[in-house]
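# Structure assessment
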Amino acid sequence: MKLVIAIIKPFKLDEVREALTEIGVAGMTVTEVKGFGRQKGQTEIYRGAEYSTNMVPKIKLEIVCDTALAPRVVETIQVSANTGAIGDGKIFVLDVGQAVRIRTGETDQTAL
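Here is what the cut-offs are and how they apply
- Throughout this description, residue numbers start from 1 for each chain and increase along the sequence as written.
- Whole-chain, interface and lining totals are the exception, using all residues; otherwise, since this is a predicted model, local features are given only for residues with pLDDT of at least 70 and side-chain atom pairs are given and counted only at 80 or more.
- For the side-chain quantities, the full set of heavy atoms in the structure was used; hydrogens and water were omitted.
- A residue's pLDDT is the confidence the predictor assigns to it, expressed on a 0 to 100 scale.
- The secondary structure listing takes helices from DSSP runs of H or I that are at least 4 residues long and strands from runs of E that are at least 2 residues long, numbered from the N terminus.
- One bridge is not enough; two strands pair if DSSP finds at least two bridges between them.
- Think of each axis as a best-fit line through the C-alpha atoms, taken over the contacting stretch in the case of a helix, with angles from 0 to 180 degrees between the N-to-C directions.
- Any helix carries an expected span of 1.5 Å times its number of residues minus one.
- Only protein chains enter the area calculation, which uses a 1.4 Å probe; residues under 20% of their type maximum are buried, those over 50% are exposed, and those in between are partly exposed.
- The directions considered for the arc are those from the helix axis to the C-beta atoms.
- Residue contacts are counted whenever heavy atoms from the two residues lie within 4.5 Å of one another.

### Focus: the confidence of the model for the chain
- In the predicted model, the chain carries a mean pLDDT of 90, and the fraction of residues at 70 or more is 88%.
- Put simply, strand β3 (residues 42-46) is where the chain has its lowest mean pLDDT, 61, and helix α2 (residues 70-81) is where it has its highest, 98.

Structure representation (structure tokens):
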């Protein structure tokens, strides 16, 4: 099993979710996060005053899937979240040692 973690722009969430559903992803965890990379924050205007923010709002997706499905998940996120601009995000893939469904006690692939 693999854990795919993606950091994407907030307005791309619906497009990414729909694309992942089409390839068979059954669930995901979505978290609103803030951070910065090469963007180095952004400039905003609030009540007529311009100010700089150090942290940029992003969406963090966490998807646990079968090892065989992970490359398609990564490709789908990459294609659907891409705007061609700096700040499109990052994708990380990690190994998952065990998964347990709390309600039934099912483990690993059946728990997904």
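### Notes on the sheet that holds strand β1 (residues 2-8)
- Pairing within the open sheet is antiparallel, and its four strands lie in the order β2-β5-β1-β6. Bordering the open sheet on either side are β2 (29-35) and β6 (89-95), each of which pairs with just one other strand. Put simply, the sheet's adjacent strands are angled 20° from each other on average, direction ignored.
- Strand direction decides the pairing type here: β1 and β6, joined by seven bridges, are antiparallel. Note that in β6 the partner of I8 across the bridge is G89.

### Remarks on α2
- The end-to-end C-alpha separation of α2 is 16 Å, in line with the 16 Å expected for twelve residues at 1.5 Å each.
- Among the residues making up α2, those that are buried are A70, V73, T76, I77, S80 and A81. Viewed end-on, α2 has its buried residues packed into an arc of 125°, placing them on one side of the element. Turned more than 90 degrees from where α2 packs its buried face, P71, Q78 and V79 sit exposed.

### A few points about the pairing of strand β5 (residues 56-65)
- Pairing analysis gives seven bridges linking β1 to β5, with the strands arranged antiparallel. Residue V4 lies in a different strand from β5, and its bridge partner there is I63.
- Here seven bridges tie β2 to β5, and the two strands are oriented antiparallel to one another. Residue pairing for β5: G35 is matched across the bridge by V56.

### So, the side chain of S80
- Of note, S80 is situated in helix α2.
- For S80, a relative accessible area of 6% translates into the label buried.
- Setting aside chain neighbours within four positions, we find S80 in contact with K12, E15, V16 and A19.

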